[in-house]
Amino acid sequence: MNAAAIRELVRPEVPALAPYNAGLSSQAVRSRYGVEQIARLASNENPFGASPAVAQALAGLALRVGTYPDANCTALRAAIAERTGASAEQVVIGNGSESILQMLCQAFLSPGDRVLTQRPAFGLHEIYPRMMGAQVELLALTPALEFDLGAWCEALARGPKIAMLANPSNPVGCMFERQGFARLLEATPAGTLLVIDEAYYEYAQRARGFPDALAALRAQQRPWIVLRTFSKAWGLAGLRVGYGIASDASLVQWLDRVRTPFNVNEAAQAAALAAWGDEAFMAQTVAQTVTQREWLVQQLRALALPGLRIAPSAANFLFIDLARPNGPVNEALLARGIIVKPWKEAGFESFIRVSIGTAEDNARFLGALGEILGGH
Ligand SMILES: *Cc1c(COP(=O)(O)O)cnc(C)c1O
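We now turn to the structure provided with this report. As the structure is a computational prediction, the values presented were derived from the model and not from experiment. Here the residue numbers are simple positions, counted from 1 along each chain's written sequence. For this predicted model, a pLDDT threshold of at least 70 governs which residues receive local features, and a threshold of 80 or more governs which side-chain atom pairs are given and counted, while totals over whole chains, interfaces and linings are taken from all residues. The side-chain quantities take in all heavy atoms of the structure and omit both hydrogens and water.

Attention now moves to the overall build of the protein. Counting secondary structure elements, the protein contains 15 helices and 13 strands. Every radius of gyration here is taken over C-alpha atoms, with the globule rule written as 2.2 Å times N^0.38, N being the number of residues. In terms of C-alpha radius of gyration, the protein reaches 21 Å, essentially the compact-globule figure of 21 Å for 376 residues. With the C-alpha coordinates aligned to their principal axes, the bounding extent of the protein is approximately 60 × 60 × 55 Å. Accessible area is worked out with a 1.4 Å probe on protein chains only. A residue is then buried under 20% of its type maximum, exposed over 50%, and partly exposed in between. Per-residue burial for the protein yields a buried fraction of 52% across its 376 residues. Any two residues whose heavy atoms approach within 4.5 Å are treated as being in contact. Across the protein, contacts joining residues at least 24 apart in sequence account for 75% of those joining residues at least 6 apart. By element, 54% of the accessible surface of the protein is carried by carbon and sulfur atoms, the whole surface being about 16500 Å². Under this rule, positive means Lys or Arg and negative means Asp or Glu; His and the chain ends count for nothing. Just so you know, the charge point we use is NZ for Lys, CZ for Arg, CG for Asp and CD for Glu. In the protein, 33 side chains carry a positive charge and 33 a negative one; their mean positions are 2 Å apart. Here a helix means four or more residues in a row that DSSP labels H or I, a strand means two or more in a row labelled E, and each is numbered from the N terminus. Using a 1.4 Å probe, the Shrake-Rupley method yields the accessible areas, and only the shown protein chains count as cover for residues.

The disulfide criterion used throughout: a pair of cysteine sulfur atoms within 2.5 Å. This model, assessed by the stated rule, comprises zero disulfides. Counting only cysteine sulfurs, Cys 153 is the nearest neighbor of Cys 174, a cysteine outside any disulfide, at a range of 14 Å. Residue classification places Cys 174 among the buried residues on the basis of a relative accessible area of 1%.

Another point: the site of the ligand. What surrounds the ligand is the set Gly 96, Ser 97, Glu 98, Phe 122, Asn 170, Asp 197, Ala 199, Tyr 200, Thr 229, Ser 231, Lys 232 and Arg 240. At 2.6 Å from an oxygen atom of the ligand is found a side-chain nitrogen or oxygen belonging to Tyr 200. A distance of 2.5 Å separates an oxygen atom of the ligand from a polar side-chain atom of Ser 231. Relative to its unbound accessible surface of 380 Å², the ligand loses 94% to contact with the protein. Grid points spaced at 1 Å and placed over the protein atoms alone form the basis of the search, with a cavity being a set where a 1.4 Å probe fits but cannot get out and a pocket an open set showing protein on both sides within 12 Å along at least five of seven lines. Lining residues have an atom within 4 Å of a point. Occupancy of a cavity or pocket is assigned to a molecule whenever over half of its atoms lie within 2 Å of that pocket's grid points. A majority-of-atoms criterion places the ligand in the largest pocket. Proximity criterion: a residue is near a molecule or strand once any of its heavy atoms comes within 4 Å of it. Here a polar contact is taken to be a pair of N or O atoms separated by no more than 3.5 Å, where protein atoms must pair a possible hydrogen donor with a possible acceptor and residues adjacent in sequence count only if both atoms sit in side chains.

Grid points are joined across faces, edges and corners, and a volume is the space filled by probe spheres set on the points. Per the stated rule, a full pass over the model turns up three cavities of 30 Å³ or more. Roughly 50 Å³ of internal volume is contained in the largest cavity. Lining the largest cavity are 13 residues; nearest its centre among them are Gln 118, Ala 121, Ala 166, Ser 169 and Asn 170. Only β3 (114–118) and β5 (162–166) provide two or more residues apiece to the lining of the largest cavity. Classification convention: Asp, Glu, Lys, Arg as charged; Ala, Val, Leu, Ile, Met, Phe, Trp, Tyr, Cys, Pro as nonpolar; all other residues, Gly among them, as polar. Split into classes, the residues belonging to the lining of the largest cavity amount to eight nonpolar, five polar and no charged.

Next up on the list: the sheet that holds strand β10 (residues 317–321). In short, DSSP must find at least two bridges between two strands for them to pair. Ordered by their spatial adjacency, four strands build an open sheet running β9-β10-β13-β12, and the pairing between neighbours is antiparallel. In this open sheet, the two edge strands, each paired with only one partner strand, are β9 (309–310) and β12 (341–342). Two elements, β9 and β10, share two bridges in a ladder whose sense is antiparallel. Among the inter-strand pairings, Arg 309 is bridged to a residue of β10, identified as Asp 321.

Another point: the packing of helix α13 (residues 279–303) against helix α15 (residues 359–373). The axes used here are C-alpha line fits, helices contributing only the stretch in contact, and every angle between their N-to-C directions lies in the interval 0 to 180 degrees. It is at 11 Å that the axes of α13 and α15 come closest, and there the two elements cross at 15°. Between α13 and α15, the interaxial angle falls into the category roughly parallel. When you trace α13 past α15, the crossing you get is right-handed. In this structure, α13 uses Gln 292, Trp 295, Leu 296, Gln 299, Leu 300 and Leu 303 to contact α15, whose residues at the interface are Ala 359, Asn 362, Ala 363, Phe 365, Leu 366, Leu 369 and Gly 370. Split into classes, the residues belonging to the contact of α13 with α15 amount to nine nonpolar, four polar and no charged. Each angle gets one of four labels, with under 35 degrees taken as roughly parallel, over 145 as roughly antiparallel, 65 to 115 as roughly perpendicular, and the rest as oblique. By definition, any crossing whose near helix is turned counterclockwise from its far helix by less than a right angle is left-handed, and any crossing with a clockwise turn is right-handed.

Residues of strand β2 (residues 91–94) alternate between two faces, with Val 91 and Ile 93 on one and Val 92 and Gly 94 on the opposite face, all of them buried. With four bridges joining them, β2 and strand β8 (residues 242–246) adopt antiparallel strand pairing. Counterpart to Val 92 in the pairing with β8 is Gly 244.

Our focus in this paragraph is the nonpolar core. Residue types Ala, Val, Leu, Ile, Met, Phe, Trp, Tyr and Cys, when buried and joined through side-chain atoms within 4.5 Å, form a set referred to as a nonpolar core. The biggest cluster of nonpolar side chains holds 61 residues, and the ones touching the most others in it are Ile 93, Trp 152, Leu 217 and Phe 230. Broken down by element, this core gets its largest block of residues, six residues, from helix α12 (residues 266–276). Among all residues touching Leu 217, those that are not within four sequence positions of it are Phe 181, Leu 185, Leu 194, Ile 196, Trp 224 and Val 226.

With that settled, consider unusual backbone geometry. Of note, the amide linkage connecting Asn 167 to Pro 168 takes the cis form, showing an omega dihedral of -5°. You can see Pro 168 is positioned in the loop between β5 and α8 (178–187). In this model, Asn 170 is joined to Pro 171 through a cis peptide bond whose omega is 15°. Position of Pro 171 relative to the elements: it lies in the loop between β5 and α8. With phi around 65°, Leu 145 is a residue other than glycine that occupies positive phi space. Tracing the backbone through its elements, the reader meets Leu 145 in the loop between β4 (135–139) and α7 (149–157). For Leu 145, a relative accessible area of 6% puts it in the buried group. Non-glycine residue Arg 240 carries a positive phi angle of around 65°. Following the sequence through the fold, Arg 240 ends up in the loop between β7 (224–229) and β8.

Encoded structure:
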């Protein structure tokens, strides 16, 4: 009834924002397609879940829900600072690292400011800057589905206010290696804020040549922040905890001005602290996932499907060019209870992103794809 009046009130940036594509829930697929067994391979979650220490930490929580959580995440920031060699004042905790991306944009971007990122990118690297009215420049991949180092250096030299770089990339999985990363830093003017999103850090650490970004950045006099998350390798996507390590405590203080005060709830803080205390569990799940990823790549290649291309991946997913529209393939996978992420951006409608699951789920995906695309 009053939609037209509301449309008049909304900020001009908002109608232009693409809706975030969060994909289908397991329950929705079960009821829509009448399948029992679901393979969730769409959101890059850890199929092995979180450390058993998390369940223990959450068990006593019902008694504590009546009080506000620690607005400063004191214990968690101290624990992260200790292991990463930062000071606690350089650490910011978010309701997921996506909320730190949002805080960065709210604190630093005004209409017309320039932001640099990759295409295809993690959606929020583009959506949050646009929400603030910033201009977003999107750099293309090379034909081999890798970062284009030359293009990045050139664009960085033009001095965007913020550069958002996911290393390794989501959805592609490619990464800047140590030397390439060093060249990026050389090319970047001292006035650009470098946002290095390492959501897949724990996986990428096992890839040869993955840079120690924190060490490289610490050697520089410039503003930067490295973002990591408990949602992927640490198995806590449902509780929403991410963190950032900033070049300087003042950066965290500016984010504090725009941060909702109690942004990380009691359960999230307790769970993240417990997970962080059991690094061995996380490391063992990451090792399994990396082994499974390499297995899946080999098996997909062995199917010898015409035109099929797999982007190199240092993360817990594969970006696969099916060489045909992804819509019908996605439908056929859903009908078999397999949820992947069909890419919808122009130029990438033949790609799916598939998260590495359990051995059983990966085998189901492989078998189904072979059936659908007619491999042997
Ligand atoms: C998953 C992901 C995030 C978001 O993680 P949350 O901590 O769950 O908000 C951020 N960046 C990239 C590149 C991701 O893939």
